[in-house]
Each structure stands twice: as C-alpha cells, then as structure tokens.
Amino acid sequence: VPDDDDVDEKGKDRYNYVPFGNGLVVRESISDSLLRMGCDSIDCVQVPYQKGSLYHLDVLDVLFDMQREGMIRSIEGLNMPPELLTSAESCGFHLENNQIQYNILDPTSYYGNMKQFYDKDDGKKMKLLTSSPLAGGLLADRYVKYRLGADGRPPPDLSTSQRRHLQTTVRSWAEYHEGGGNTPWMKFHNLVLGTLGDISFKHRTSAAAVALRWSMQTNKHLGSVVVRSGLGLGKEGVDYDGRPYERTQDLREAFGFELDEEDMERLYNVAGKIDLSTDPMDDFYNGENGGFSLEDLSNKKLWL
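In this report, we go over the structure that sits alongside the text. Computed from a prediction, not measured in an experiment: that's the story for all the values here.

Reading the values: the criteria
Here the residue index of a chain counts from 1 through its sequence in written order. The model is predicted, so local features are restricted to residues of pLDDT at least 70 and side-chain atom pairs to those at 80 or more, both for listing and for counting; the totals for chains, interfaces and linings are taken over all residues. To get the side-chain values, all heavy atoms of the structure are used, and hydrogens and water are removed first. Secondary structure elements are taken from DSSP: a helix is a run of H or I of four residues or more, a strand is a run of E of two residues or more, and numbering for both begins at the N terminus. In this scheme, a residue with accessible area under 20% of its type's maximum is buried, one over 50% is exposed, and one in between is partly exposed, where area comes from a 1.4 Å probe on protein chains only. Residue contacts follow a heavy-atom distance rule, with two residues in contact if any of their heavy atoms lie within 4.5 Å. All accessible areas in this document rest on Shrake-Rupley with a 1.4 Å probe, and a residue is counted as covered only by the protein chains that are shown. Relevant arc is that of directions from the helix axis to the C-beta atoms, nothing else. Buried Ala, Val, Leu, Ile, Met, Phe, Trp, Tyr and Cys residues that are joined via side-chain atoms within 4.5 Å together make up what is termed a nonpolar core. Here, axes are lines fitted to C-alpha atoms. For helices the fit covers the stretch in contact, and angles between N-to-C directions go from 0 to 180 degrees. Under this scheme an angle from 65 to 115 degrees is roughly perpendicular, one under 35 degrees roughly parallel, and one over 145 degrees roughly antiparallel; angles in between are oblique. Helix crossings get a hand from a simple test, with the near helix turned counterclockwise from the far one by less than a right angle marking a left-handed crossing and a clockwise turn marking a right-handed one. Salt bridges are defined by distance alone: a side-chain nitrogen of Lys or Arg within 4 Å of a carboxyl oxygen of Asp or Glu. In this scheme Phe, Tyr and Trp rings, the latter by its six-membered ring, pair at centre separations within 6.5 Å, and the angle between planes marks the pair as stacked below 30 degrees, edge-to-face above 60, and tilted otherwise. The definition of a polar contact used here is a pair of N or O atoms within 3.5 Å, where within protein one atom must be able to donate a hydrogen and the other to accept one, and adjacent residues in sequence count solely through side-chain atom pairs.

### Overview of the overall build of the protein
Reasoning step 1: Looking only at helices and strands, the protein has 10 helices and 5 strands in total.
Reasoning step 2: Taking all 304 residues of the protein together, 44% fall into the buried category.
Reasoning step 3: Long-range pairs, those at least 24 residues apart, make up 70% of the contacts in the protein with a sequence separation of at least 6.
Reasoning step 4: Looking at the protein as shown, the accessible area adds up to about 15800 Å², and 46% of this sits on carbon and sulfur atoms.

If you want it as structure tokens, here you go:
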C-alpha cells in the first residue's frame, strides 16, 4: 500500500505498483508500462503485500511467466510476510529480494521467522532491502536538538510520514521500553535520540549517519538500504539551531566510520523488541577478530 507521501493531491499513486486482479490485468499493466517507457523489458517489478488479498500467488504466476518471456528481469517483494514467502517458494516462485522496514525502533521484521529466507544454502538465498532506516526522518539531528517541553509533546511541524511513524513505530517501541518519560515522544527523545546524539558526538558525525550505519552494520544479509525521508527537514531547510541541513553529506558519512562494541551495545539496549532465543548480538558480532562485520562496500548497490 503506498505511503501517504507517495500520493499526489489528486489521490493518484505516483509509483507504478503491480495491480491486483486476474492475470490479464497484470499482463496488460506491464505491457502498458513497457510501451510508455519505449523499452523491451523492465529491470525490476516489486510486488507489494496487500493484507487480505487472495491474488498474490496469481500475480506472481503471471509475473514469472513474463520473466521467462524476457519482459521482466527481476521480481521482488515488498513487506512480504514469512507465510506468503513460504507459499511462493513451494510454488517455485523465488523472489530475489524482499523490502521490509528495519530501523533501531523496529528491527523485528528482520529477526525471527524472516531470517530463514536469508540463511538458505540451496543457492536461493534472498537479499534484504531495508526501508525507513531513519523512521521517516525522526532519527536525525533535527530532533536530537529539539528542546523537549515538560509536557513531553512532539514538535508541531512533523510531516505526514513522521506522524505516521510516531503513531505506529514509536508508540510500539515505547510500550516495550520502561523509563525515559511519561509519553512515547519523551521516551524516544531521551533514550533513542539521546543515545544517537552521544554516539554521533563521539564519532564527529550526524545522528542520521549513526542510525543508518546501525542498519548497515547489524545486517549481514543486506542488499541495499532504501532512504526516502527528508531527514527531518523543516520548511526553511534548517535545523532548530539554524544550521542548514546537508542531507547528502549526512548519508555519506555513514561510510566514513564504524560503530564499536560499546556503541552497538548501547544501541542494542534502546532498540525495539528483538525476540530471539539466543543473544542477537552474536548474530553480527565477530568475536574472533573483534569489532562488527559488514558487507563488502565495494558492492556499488550499497553506494549512495
């Protein structure tokens, strides 16, 4: 389902999502897209999960037929749950990637049942595309520097996407953590943003770079990180302290440092609920050499 920010003033979706219905509708839609673009094939078609829909496997059946015909090069999922991925695999539909939300506040989509699809040894290992690593721009210096009032209310100038994350992601995270304040925003500001601010000061970088680096460094199955937020930009493009926001530089800084064991432990302590039978720190900590492992950054798909 497209985000509120992905719909224009006329209510028309700006992104070309796959329509759900019979195979003829899907084929006609892809053919129309190819005609409009003036090309013979589409690099990638992303199939979003539609809760309650009965047509996911029908859509995948048609898309994989079109892939064999050379009209589609790659087929990926968007927020596909484990049950649907299992059903697709049993029907012979192997998705190359699955895009899910993954950030400090909400790491649960990756840990748990989803990991089975990224740990395969049969040559069909799935890569993970992580979205919302900055929680719509809430994990940024702009809100680290925001002066929290006694009532614990959030800033009044949050975007539609940020308000959605506040109502869902932040509230769910706050129910899991104790202390830090009486309201979800106060807890979030004191625990998460406070920790990000301390670590960013230590490494002389931005809080957004720390949050993005955490997403990269904790995930050994990472394919790409999708960043679509405005990093908390105000209407004038400045922070609360008047400093212009350099969003591109903040993102690139994530490649210029590495979080050490102390940093990761602190972030793990304020992260969202991670339900594992073993310590999740063992999943990405390299105890033999010390430090934390990360995919080879020579992979240009990781570049900004």
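Past the structure itself, the notes keep going.
### So, helix α3 (residues 82-90)
Reasoning step 1: Taken as a whole, α3 has its buried residues at Pro-82, Leu-84, Leu-85 and Ala-88. Along α3, the residues classed as buried sweep out an arc of 160° about the axis, all on the same side. Every exposed residue of α3 that faces more than 90 degrees away from the buried side is listed here: Glu-83 and Ser-90.
Reasoning step 2: The inward-facing, buried residues of α3 contact α2 (56-68) and β3 (97-101).
Reasoning step 3: Two residues or fewer past α3, Gly-92 is found with a positive phi of approximately 90°.

### Notes on the nonpolar core
Reasoning step 1: Core analysis: the largest hydrophobic core is formed by 37 residues, its most contacted members being Phe-188 and Leu-196.
Reasoning step 2: Elements represented by at least two residues in this core include exactly α5 (160-176), α6 (184-203), α7 (207-217) and α9 (261-270).
Reasoning step 3: If one sorts the elements of this core by residue count, α7 sits on top with 8 residues.
Reasoning step 4: If we skip the residues at most four places from it in the chain, Leu-196 touches Ile-104, Leu-139, Ala-207, Val-210, Ala-211 and Leu-267.

### Points about the packing of α2 against α3
Reasoning step 1: It is the contact of α2 with α3, at a shortest axis distance of 11 Å, that shows an interaxial angle of 45°. Taken together, the axes of α2 and α3 are oblique relative to one another. Relative to α3, α2 is oriented so that their crossing is right-handed. The residues of α3 that touch α2, namely those facing His-56, Leu-57 and Leu-60, are Leu-84, Ser-87 and Ala-88.

### Examining the pattern of salt bridges
Reasoning step 1: Tallied over the entire structure, the rule returns 8 salt bridges.
Reasoning step 2: With a closest N to O distance of 3.1 Å, Arg-27 and Glu-69 form a salt bridge. Placement of the pair is Arg-27 in helix α1 (residues 23-37) and Glu-69 in the loop between α2 and β2 (72-78), with a sequence separation of 42 residues.
Reasoning step 3: Overall, the relative accessible area of 27% leaves Arg-27 in the partly exposed class.

### Overview of the packing of aromatic side chains
Aromatic ring pairs are described here by two measures, namely the spacing of the ring centres and the angle between the planes.
Reasoning step 1: Overall, the coordinates contain 5 aromatic pairs when judged by the stated rule.
Reasoning step 2: Measuring from ring centre to ring centre gives 6.0 Å for Tyr-143 and Trp-185, while their planes differ by 90°; the resulting arrangement is edge-to-face. With Tyr-143 in helix α4 (residues 141-144) and Trp-185 in helix α6, this residue pair connects regions lying 42 residues apart in the sequence.
Reasoning step 3: Note on Tyr-143: relative accessible area 1%, which makes it buried.

### So, α9
Reasoning step 1: Within α9, the full set of buried residues consists of Asp-263, Met-264, Leu-267 and Val-270. Projected down its long axis, α9 carries its buried residues within an arc of 130°, all on one side.
Reasoning step 2: With a side-chain oxygen lying 3.1 Å from the backbone nitrogen of Glu-262, the N-terminal cap of α9 falls on Asp-260.

### As for the environment of Phe-64
Reasoning step 1: Relative to the helices and strands, Phe-64 resides in helix α2.
Reasoning step 2: Residue Phe-64 is classed as buried on the basis of its relative accessible area of 7%.
Reasoning step 3: Distance from Phe-64 to Ser-74, taken between C-alpha atoms, is 9.1 Å for residues 10 residues apart in sequence.
Reasoning step 4: Not counting residues up to four positions away in its chain, the partners in contact with Phe-64 are Ile-75, Phe-93, His-94 and Leu-95.

### Section: the environment of Lys-202
Reasoning step 1: Take Lys-202: it is sitting in helix α6.
Reasoning step 2: With 61 residues separating them in the primary sequence, Lys-202 and Asp-263 have C-alpha atoms 9.6 Å apart.
Reasoning step 3: Of note is the side chain of Lys-202, whose polar atom sits 2.7 Å from the side chain of Asp-260.
Reasoning step 4: Here the side chain of Lys-202 touches Asp-263 through a polar contact of 3.0 Å, side chain to side chain.

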